[in-house]
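Here is what each chain is made of, one letter per residue.
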Amino acid sequence: MDIHEYQAKELLASQGVRLPRGGLAYSPEQAHYRAQEIGGEAWVVKAQIHSGARGKAGGIQLCRSEKEVEQAAERMLGRRLITSQTGAPGKLVNRLYIEETIHIDREIYLGFVLDRKEERIMIVASSSGGMEIEEIVEREPDSLVRCSVDPGLGMHEFQAREIAFGLGLDGALIGKAVNTILGCYRVFRDFDASMLEINPLVVSRDDLVALDCKMSFDENALFRRPDISELRDKSQEDPRETFAADRGLSYVGLDGEIGCIINGAGLAMATMDMIKIAGGEPANFLDIGGGASPERVAKSFRAVLQDKNVKVILVNIFAGINRCDWVAEGVAKALEEVGVAVPLVVRLSGTKVEEGKAILAERAPGVIVADTLSEAAERAVTEWKATTGRAT
């Protein structure tokens, strides 16, 4: 789960990280008032969307009068901002963050991520801030400073100090850098974050200031972080994924036209590969889980059909913990209650497979039944081509 820049900054401020003064605005008039409230002679108006590269897309604007702040807000609010990370649909701008300008002597990159292989928190810093980390790695790989933290032991001051020295900071800033790095670590640890990025962290005269930041959280831990859950902005999320998540389904939207309903993440990945090999494009990743009831299967159909680009649905179930007759009941329930107006290919294997096939034959006679994964993928692609008029 992602949150907005201003929300991440509020969390960082709670641990003593130095930030520019700023305020939230939902209208041009409110933006004008925020500029007056902050004071000064120049302000930065920032579109609050879940995406990087906002500046290049016009989502960050420097204003030198309160009138310019109001005009910038007028241009931004209500429009969809398209960046290199959002894709063609862009992200809707419905709130702005008005911030004071900061004198910048130098820019630094600071990031915290989970290293799942090593089961540790990896801190990556660079003396070349202001660029995406991918650009830094490509252009200036020698500028990177890395530090691995054992979550059982926590981060120590000497590790933060080593990062600060590695960034080439002078003696007057070392202590402030240590406090900033340790404050970021505490926020990362205490709120079950999966990513925290400050880019840039700027040297401003004799201080370090977090000018921009992003945070993501482990959704599996949100049950114990209700305060973080409340920060969720569903208007910034893929509506297909939001619909599925609200119903307890593991769903990732893709750009194809063959919808997938599968049990098990590994089988889902294999199924998507087989669709690609057969010449098609999957529309989603959807794992219904190991003990799917008929009701859960029907919910999965509703989630897949939220995507209006779906032209065919492929159901692929290998039942161990699950049961094929439950899944078949769910398929029949979906056909009866949801209304599936696209071709449907079903492959069942495992526990109660014959009973499942019998239910499909009796209650879902129009369903295309396949015996193997490769056959199911090929039949789905054939139906997709026939439906869309593509050459076979």
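All values derive from a computational prediction rather than experimental measurement.

### Considering the overall build of the protein chain
(1) Moving on: Scanning the protein chain for helices and strands turns up 13 helices and 18 strands.
(2) Moving on: Once the C-alpha set of the protein chain is aligned to its principal axes, its extents read approximately 75 × 50 × 40 Å.
(3) Moving on: Taking all 392 residues of the protein chain together, the buried fraction comes to 52%.

### Some words on the UniProt feature "binding site: Mg(2+)" (unreviewed entry) in the protein chain
(1) Moving on: Listed under "binding site: Mg(2+)" (unreviewed entry) in the UniProt record, and renumbered for this structure, are Asn199 and Asp212.
(2) Moving on: On the secondary structure map, Asn199 appears in strand S10 (residues 193-204).
(3) Moving on: Look past the residues within four positions of Asn199 in its chain and what remains in contact with it is Ile108, Tyr109, Gly129, Gly130, Met131, Glu132 and Asp212.
(4) Moving on: Position of Asp212 relative to the elements: it lies in the loop between strand S11 (207-210) and strand S12 (213-217).
(5) Moving on: Here Asp212 falls in the buried class, since its relative accessible area comes to 17%.
(6) Moving on: Those residues within four positions of Asp212 in sequence are excluded, and the remaining contacts are Glu5, Lys9, Lys46, Arg54, Glu197, Ile198, Asn199 and Pro200.
(7) Moving on: At a separation of 3.1 Å, a polar atom in the side chain of Asp212 contacts the side chain of Arg54.

### So, helix H3 (residues 66-76)
(1) Moving on: Every buried residue belonging to H3 is among Val69, Ala72, Ala73 and Met76, and all of these are buried. Buried residues in H3, looked at end-on, bunch into an arc of 100°, giving them a common side.
(2) Moving on: Contacts from the buried residues of H3 go to helix H2 (28-38), strand S2 (43-47), strand S3 (60-63) and strand S6 (96-100).
(3) Moving on: Where H3 terminates, the next one or two residues include Gly78, which has phi positive at roughly 85°.

### Some thoughts on the pairing of strand S17 (residues 344-350)
(1) Moving on: The element S17 is largely enclosed, with a buried count of six among its seven residues.
(2) Moving on: In terms of strand pairing, S17 meets strand S18 (residues 368-370) through three bridges, oriented parallel. Within S18, the residue paired with Arg347 across the bridge is Ala370.

### Here's the deal with the sheet that holds S3
(1) Moving on: The four strands are arranged S1-S6-S2-S3 in an open sheet whose pairing can be described as antiparallel. Among the strands making up the open sheet, the edge pair consists of strand S1 (22-25) and S3. Taking each pair of neighbouring strands and ignoring which way they run, the sheet shows an average axis angle of 20°.
(2) Moving on: Pairing of S2 with S6 involves five bridges; the strand directions are antiparallel. Directly across from Val44, in S6, lies its bridge partner Glu99.
(3) Moving on: Packing against the sheet, helix H1 (residues 5-13) makes contact with S1, S2 and S6, and its axis sits at approximately 55° to S6.
(4) Moving on: Seen against the sheet, H3 touches S2, S3 and S6 and runs at an angle of roughly 160° to S3.

### Things to note about the domain arrangement of the protein chain
(1) Moving on: Per the domain assignment, the segments of the protein chain are domain 1 (21-100), domain 2 (106-231) and domain 3 (239-388).
(2) Moving on: In this structure, domain 1 and domain 3 have C-alpha centres spaced 42 Å apart.

### Some details on the packing of aromatic side chains
The geometry of two aromatic rings is summed up by the distance between their centres and the angle between their planes.
(1) Moving on: Enumeration according to the criterion identifies two aromatic pairs in this entry.
(2) Moving on: A ring pair is formed by Tyr6 and Tyr97, whose centres lie 6.3 Å apart and whose planes are at 25°; its orientation type is stacked. Of the two residues, Tyr6 sits in helix H1 while Tyr97 sits in strand S6, which places them 91 residues apart along the sequence. For the pair Tyr6 and Tyr97, one class covers both residues: buried.
(3) Moving on: An angle of 35° between the planes, with centres 6.2 Å apart, marks the rings of Phe112 and Phe188 as tilted. Of this pair, Phe112 sits in strand S7 (residues 106-115) while Phe188 sits in helix H6 (residues 171-190); the two residues are 76 residues apart in sequence, bridging distant segments of the chain. Phe188 carries the same exposure label as Phe112, and that label is buried.

### Considering the nonpolar core
(1) Moving on: The biggest cluster of nonpolar side chains holds 46 residues, and the ones touching the most others in it are Leu110, Phe112, Met155, Ile163, Leu169, Met215 and Phe217.
(2) Moving on: Broken down by element, the residue count for this core peaks at ten residues, all from H6.
(3) Moving on: Those residues within four positions of Met155 in sequence are excluded, and the remaining contacts are Ile123, Val149, Ala160, Ile163, Ile181, Leu182 and Tyr185.
(4) Moving on: If you look at the next biggest cluster of nonpolar residues, it comprises 33 residues, including Ala244, Ile288, Val310 and Ile359.

### Considerations on the packing of H2 against H3
(1) Moving on: Interaxial distance between H2 and H3 falls to 8 Å at its minimum, and their mutual angle equals 145°. Relative to H3, the crossing made by H2 is right-handed. Of the residues in H3, those in contact with Pro28, Ala31, His32, Ala35 and Gln36 of H2 are Glu66, Val69, Glu70, Ala73 and Glu74.
(2) Moving on: Looking at the contact of H2 with H3 residue by residue, the class counts come to five nonpolar, two polar and three charged.

Definitions and limits used
- Residues numbered from 1 in each chain as written.
- Predicted model: local features only at pLDDT ≥ 70, side-chain atom pairs only at ≥ 80, totals over all residues.
- Heavy atoms only, no water.
- Helix = DSSP H or I, 4+ residues; strand = E, 2+ residues; numbered from the N terminus.
- Buried < 20%, exposed > 50% of the residue type's maximum accessible area, 1.4 Å probe, protein only.
- UniProt positions renumbered as here; feature names shortened; annotations may be inferred.
- Contact = heavy atoms within 4.5 Å.
- Polar contact = N/O pair within 3.5 Å; in protein donor to acceptor, adjacent residues only side chain to side chain.
- Arc of directions from axis to C-beta.
- Pairing = 2+ DSSP bridges.
- Axes fitted to C-alpha atoms, helices over the stretch in contact; angles between N-to-C directions.
- Domains from an automatic or database assignment.
- Phe/Tyr/Trp six-rings, centres within 6.5 Å; stacked < 30°, edge-to-face > 60°.
- Core = buried A, V, L, I, M, F, W, Y, C linked by side-chain atoms within 4.5 Å.
- Left-handed = near helix turned anticlockwise from the far one by under 90°.
- Nonpolar A, V, L, I, M, F, W, Y, C, P; charged D, E, K, R; others polar.

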